[in-house]
Amino acid sequence: MKGIVLAGGTGSRLHPLTRVTNKHLLPVYDKPMIYYPIQTLVDAGIRDILIVTGGNNAGDFLRLLKNGKDFGLQMLNFAYQEGEAGIADALRLAQTFTRGEKVCVILGDNIIQGSIRAAKEAFECQELGAKILLKNVADPERFGCPVLDGNRIVRIEEKPKNPASSYAVTGIYFYDWTVFSRIRTLKPSGRGEYEITDINNSYIEDGQLTYDVLDGWWTDAGTFESLWHASNLVRDHVMNAVEHAMAAEVGR
């Protein structure tokens, strides 16, 4: 399975910070934001990774990440998205890279506490289709929100005013090779973008979408409030790990 990190966009909700750099290069506690989704893929056993970015700061990703040595990798791949046509349009650029293999796609501002390895291994056993990860949140209207019939997702609504459930569709997706033909059938949404929700709904219509509920905390970091929240979550996680390590050392 190959990994794709989508790290484009203008980051307009984080102006003026993002007037001089890409959102995904901003710090989240002690690391650049882009480090976290890459590490999530590596921890799941995915080592062939493509970074899709754009804008005026694309070269900064190469200067920062180089060949992926910080993650124990020997090589990272890069693609450049011209314009701002949405997440699905950015994913389209990965078709040559994937070479017909299954893919795990993660948005560059998504940060998690746990691991996606179990979901990745489950999807490897899934013959066709897609898998998404859900998380119970207090503000599902900010995200894609699943409409459930029992344990089955019947559709996903994008940022609904009246959410049908308390779940958000996280920015972590698993797709088979048909995702690229599905992208070619998409039409721009009202905001002029090709939406990832439309891809997921196409898999639902074909009865080929499964889901898991993500363990541990999850956050995006695309607004000032969520960026601050993400930094605090990561700091608490790091400090707890340090305290446990120190306690274990004392107990020896």
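Look a little higher up for the structure.
Computed from a prediction, not measured in an experiment: that's the story for all the values here. (Residues numbered from 1 in each chain as written. Predicted model: local features only at pLDDT ≥ 70, side-chain atom pairs only at ≥ 80, totals over all residues. Heavy atoms only, no water.)

Student: Would you mind showing me how to read the sheet that holds strand S6 (residues 103–107) here?
Tutor: Paired through their backbone hydrogen bonds, the strands of a sheet run either parallel or antiparallel. Strand order across the open sheet formed by seven strands is S5-S4-S1-S6-S11-S8-S12, with mixed pairing between neighbours. On the outer flanks of this sheet lie strand S5 (77–81) and strand S12 (209–213), each paired with one strand and no other. Across the sheet, the mean angle separating the axes of adjacent strands is 25° when strand polarity is ignored. Examined bridge by bridge, strand S8 (residues 130–136) and S12 share five bridges and lie parallel to one another. Residue pairing for S12: Leu-133 is matched across the bridge by Asp-212. With respect to the sheet, helix H2 (residues 58–65) is in contact with strand S1 (2–7), strand S4 (49–54) and S5, its orientation differing from that of S4 by roughly 145°. The strands touched by helix H7 (residues 196–205) are S8, strand S11 (167–175) and S12; relative to S11, the strand with the most contacts, the crossing angle is about 75°. (Pairing = 2+ DSSP bridges. Helix = DSSP H or I, 4+ residues; strand = E, 2+ residues; numbered from the N terminus. Axes fitted to C-alpha atoms, helices over the stretch in contact; angles between N-to-C directions. Contact = heavy atoms within 4.5 Å.)

Student: Hey, could you run me through the environment of Arg-19 in this one?
Tutor: With respect to the element layout, Arg-19 can be found in the loop between S1 and strand S2 (27–28). A sequence separation of 215 residues divides Arg-19 from Val-234, and the C-alpha atoms of the two residues are 25 Å apart.

Student: Help me understand unusual backbone geometry, please; the structure alone is not making it clear to me.
Tutor: Glycine aside, the phi torsion of most residues is negative, and most peptide linkages are trans. In this structure, Pro-16 follows His-15 across a cis peptide bond, with omega equal to 10°. The topology assignment puts Pro-16 in the loop between S1 and S2. At Tyr-29, a residue that is not glycine, the phi angle is positive and equals roughly 55°. Inspection of the secondary structure puts Tyr-29 in the loop between S2 and strand S3 (31–32).

Student: Just checking my understanding: could you explain the side chain of Asn-22 for this structure?
Tutor: By the element assignment, Asn-22 lies in the loop between S1 and S2. Since its relative accessible area comes to 4%, Asn-22 is described here as buried. A distance of 3.5 Å separates polar atoms of two side chains, one belonging to Asn-22 and the other to Thr-53. For Asn-22, the residues in contact, after removing those within four places along its chain, are Ala-7, Gly-8, Gly-9, Thr-53, Gly-54, Asn-57 and Phe-61. (Buried < 20%, exposed > 50% of the residue type's maximum accessible area, 1.4 Å probe, protein only. Polar contact = N/O pair within 3.5 Å; in protein donor to acceptor, adjacent residues only side chain to side chain.)

Student: I tried to follow the nonpolar core on my own but got confused; where do I start?
Tutor: Note on soluble globular proteins: their nonpolar side chains tend to be buried together. Ile-34, Ile-38, Ile-49, Leu-65 and Ile-116 are the most contacted members of the largest nonpolar core, which has 31 residues in total. Listed by contribution, the elements that provide at least two residues to this core are S1, helix H1 (35–43), S4, H2, S6, helix H5 (117–124) and S11. Excluding its chain neighbours within four sequence positions, the residues that come into contact with Ile-38 are Val-5, Ile-49, Ile-51, Leu-65 and Phe-71. Judged by nonpolar contacts, the second largest core, of 30 residues, contains Ile-4, Leu-6, Val-169 and Ile-204. (Core = buried A, V, L, I, M, F, W, Y, C linked by side-chain atoms within 4.5 Å.)

Student: Help me out: how do you make sense of H7 in this one?
Tutor: Among the ten residues that make up H7, eight are buried, leaving the element largely enclosed by the rest of the structure. Looking at H7, one finds that the buried residues are Ile-196, Thr-197, Ile-199, Asn-200, Asn-201, Ser-202, Tyr-203 and Ile-204.

Student: Can you walk me through the environment of Ile-132 in this structure?
Tutor: By the element assignment, Ile-132 lies in strand S8. Each residue touching Ile-132, except ones within four places of it in the same chain, is listed here: Ile-153, Ile-156, Val-169, Ile-172, Tyr-173, Asn-200, Leu-209, Thr-210, Tyr-211 and Asp-212.

Student: Help me out: how do you make sense of the packing of aromatic side chains in this one?
Tutor: Taken as a whole and judged by the stated rule, the model has five aromatic pairs. Cluster of aromatic residues (ring-pair linked, three or more members): Tyr-173, Tyr-175 and Tyr-203. Across the ring face of Phe-97, the terminal group of Lys-2 is positioned such that the distance to the ring centre comes to 4.7 Å. Positioned above the aromatic ring of Phe-123 is the side chain of Lys-102, whose terminal nitrogen or guanidinium carbon lies 4.7 Å from the ring centre. (Phe/Tyr/Trp six-rings, centres within 6.5 Å; stacked < 30°, edge-to-face > 60°. Lys NZ or Arg CZ within 6 Å of the ring centre and 35° of its normal.)

These figures capture arrangement, not role.
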